[in-house]
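This is what each chain is made of:
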Amino acid sequence: MASLSSTPSMEEEKEGSVSVQQSNPQSQHIAASSSTMDLPSNPSWFTPKRLLFIFCVVNMINYLDRGTIASNGVNGKKRTCDDKGICKSGSGIQGDFDLTNFQDGLLSSAFMVGLLVSSPVFASLAKSHNPFRLIGVGLSVFTLATAGCGAAPSFWFIAICRMLVGVGEASFISLAAPFIDDNAPVSQKTAWLAVFYMCIPTGIALGYVYGGLVGEHLNWRYAFWGEALLMFPFAVFGFVVKPLQLKGFSSVESKKALTPMETVSTVTDDLDASKVKGHILVGGDGISADELNKTFKSLDIHNILNRLSQFGKDMKVLLVDKVYVVNVLGYVAYTFVLGAYGYWGPKAGYNIYHMKSADMLFGGITVVCGIFGTIAGGFILDCMSATINHAFILLSGATFLGAISCFSAFCLRNLYGFLVLFAVGELLLFAAQAPVNFVCLHCVKPSLRPLAMAMSTVSIHIFGDVPSSPLFGVVQDHINNWRTTTLMLTSIFFLAAGFWFIGIFLPSVDKCNDENDTQVSPNPMVDTKTLPDGNGDKGPAEVQGSNFRPPC
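Worth saying up front: this structure is predicted, and the values here are computed from it rather than measured. Numbers given to residues run from 1 along each chain, matching the order in which its sequence is written. A pLDDT threshold of at least 70 governs which residues receive local features in this predicted model, and a stricter bar of 80 or more applies before side-chain atom pairs are shown or counted, although totals over entire chains, interfaces and linings include all residues. To get the side-chain values, all heavy atoms of the structure are used, and hydrogens and water are removed first.

**As for the UniProt feature "transmembrane region" (unreviewed entry) in the protein chain**
Stage number 1. When the UniProt feature table is mapped onto this chain numbering, "transmembrane region" (unreviewed entry) sits at residues 106-125, 191-210, 222-241, 323-344, 360-380, 392-410, 416-439 and 487-506.
Stage number 2. Numbering of helices and strands runs from the N terminus; a helix is a DSSP stretch of H or I covering at least four residues, while a strand is a stretch of E covering at least two. Spanning residues 323-344, this segment combines 100% helix with 0% strand, and its end C-alpha atoms are found 32 Å apart. UniProt positions are given in the numbering used here, feature names are shortened, and annotations may be inferred rather than shown by experiment.

Right under this line is the structure:
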């Protein structure tokens, strides 16, 4: 260290810190753990219930957008002409841009492009970046994209904006569920997930009503501008909130401390005064700025390759997990039908049963059945003792009975009989929302949960509701019979029930605690005074060192 004798004392202290970190990795690890454990038990104003509330509102706005674009008031109808040559002008998006049913169906699926590209990226970046910042980025894109939809001058412009809307969902859906699972009470984890996923049907249903009212009284463009205003505060919130950590991931700060080259980079960035005649003094040796930049560039390339390699390994783990694959296959078939229901339901109801207020009826049924069905599914699984096997039993049974009810509903000619049977069917079908995501979260180890949720979301969209809407439009264009087309679609629910029935017989292990012994970052919202197993009087560091394994 003699070569540093002429430098200021502050530099000596920081250089010495770098040297200690390089020479004593054990003390470095302890220091990192200590700094992580020193985090306040309740950063900012967060409590688990507040976190759940915020995530629920954001999730509802995400799916409000789905219902809005599907509503008759916003989606509208195309221009029609009768045999006498008398034409009626179209309305909404379909009328303004003169779209076919196929083009119209593409708009409901366009968001998938952004979702496909962004979901794996956000899931991977969660390992090295603050998840709330990632959510803030995604929701900012969502805000701008929905505003762009309202200002769209052409079909292709609004299609591109719909693609960008998928980025908002990608940043949020892969990270929100793991946060909720981490912070929910042990005996109510599925119930909390049920409350979160209840916002999907509720948001879609409110979107029907919202889009119908705004489109009828103002203009369909105002509906999208209203969405942008609703989401804007949450986009800002994602950038300003104090960071929270996920189980299975060490904090960003501790990772920086554990990486000597990154520590050197931080020191050299902060100490511009350490540049002496074009050299930067690191560890007592003179290294030119150009050489250091080249080193950092090579490290960046190496980090990118490592991340791609790790992503490939993680994907292989998911694809060979039979429980995960069977669960997702059932979810794909289930979403295929619900996606087409959500987009074409009001139009099908209007054409089959001549409903005067199809948006309001479908919206009302979906809200009530979505709330009670989703919450009931979560509470029932918790009462059964939330296990993967019990989840599959509930999934297959509820979906099979719901499929029978919905199929029978569309066979009836009477409107009131249809409404009763369809409501019962939706009540049973929405009971699957919490159990299917419970399986997705608990059949993989904690560090794979964001990726498991991301790939599940990508799969159910790319193979589920994305192709189902345009395919439904194509079949309807050729058959020209709404009842027959809808019955063909509904029969796919039986396929979903079959996949989940297979899952009952697969050996399954809950892996939610697989990595706890090796993780540095605890849940920052856990009150260490209330920890079980006699650790209530111990400090955070003592609990960390006691091989404590909190229940899932």
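Moving on from the model shown.
**Some words on the pattern of salt bridges**
Side chains that carry opposite charge are capable of pairing whenever their charged atoms lie near each other.
Stage number 1. Any Lys or Arg side-chain nitrogen located within 4 Å of an Asp or Glu carboxyl oxygen qualifies as a salt bridge. Applying the stated criterion to the full structure yields one salt bridge.
Stage number 2. Here Arg162 ties to Asp65 by a salt bridge, and the two come within 2.5 Å at their closest N and O atoms. Highlighted residues: Arg162 in helix α9 (residues 155-183) and Asp65 in helix α3 (residues 48-70), separated in sequence by 97 residues. Across the pair, exposure class does not vary: Arg162 and Asp65 are buried alike. The buried label goes to any residue with under 20% of its type's maximum accessible area, the exposed label to any with over 50%, and the partly exposed label to all in between, with areas taken from a 1.4 Å probe on protein chains only.

**Considering a nonpolar patch on the surface**
Stage number 1. Patch rule: a residue counts if its relative accessible area is over 30% and it has no salt bridge; like charges are joined within 9 Å, and nonpolar side chains (Val, Leu, Ile, Met, Phe, Trp, Tyr) within 5 Å. Here, Shrake-Rupley sampling with a 1.4 Å probe gives the accessible areas, and only protein chains in the shown set may cover a residue. A cluster of nonpolar side chains, namely Val113, Leu116, Val117, Ile462 and Phe463, defines an oily patch on the protein surface of about 440 Å² accessible area.
Stage number 2. Examining the composition of the nonpolar patch, we find that three residues originate from one element, helix α7 (residues 111-125), more than from any other.
Stage number 3. Along the chain, the position of Ile462 falls in helix α20 (residues 449-479).
Stage number 4. Look at Ile462 and you get partly exposed, because its relative accessible area is 32%.

**With respect to the side chain of Thr335**
Stage number 1. With respect to the helices, strands and loops of the structure, Thr335 is situated in helix α15 (residues 322-353).
Stage number 2. Given a relative accessible area of 9%, Thr335 falls into the buried group.
Stage number 3. Here the side chain of Thr335 touches Tyr331 through a polar contact of 2.7 Å, landing on its backbone oxygen.
Stage number 4. Look past the residues within four positions of Thr335 in its chain and what remains in contact with it is Ile460, Gly464 and Asp465. Counting of polar contacts relies on pairs of N or O atoms within 3.5 Å, with two restrictions inside protein: one atom must be capable of donating a hydrogen and the other of accepting it, and residues adjacent in sequence are counted only when both atoms are side-chain atoms. By definition in these notes, contact holds between two residues if any of their heavy atoms fall within 4.5 Å.

**As for the packing of helix α8 (residues 131-150) against α9**
Stage number 1. The axes are straight lines fitted to the C-alpha atoms, using for helices just the contacting stretch, and the angles between their N-to-C directions are given from 0 to 180°. Look at α8 against α9: their axes get within 8 Å of each other, and the N-to-C directions meet at 155°. Considering their axes alone, α8 and α9 lie roughly antiparallel with respect to each other. For the pair α8 and α9, the crossing hand works out as left-handed. When α8 is examined against α9, the residues Pro131, Phe132, Leu134, Ile135, Gly138, Leu139, Val141, Phe142, Ala145, Thr146, Gly148 and Cys149 are found in contact with a partner set consisting of Phe157, Ile158, Cys161, Arg162, Leu164, Val165, Val167, Gly168, Ser171, Phe172, Leu175 and Phe179.
Stage number 2. Just so you know the grouping, Ala, Val, Leu, Ile, Met, Phe, Trp, Tyr, Cys and Pro go in nonpolar, Asp, Glu, Lys and Arg go in charged, and all remaining residues, Gly too, go in polar. Within the contact of α8 with α9, the residues separate by chemical class into 18 nonpolar, five polar and one charged. Convention used here: angles under 35 degrees read as roughly parallel, angles over 145 as roughly antiparallel, angles from 65 to 115 as roughly perpendicular, and any remaining angle as oblique. Definitions for this section: a left-handed crossing has its near helix turned counterclockwise from the far helix by less than a right angle. A right-handed crossing has that turn clockwise.

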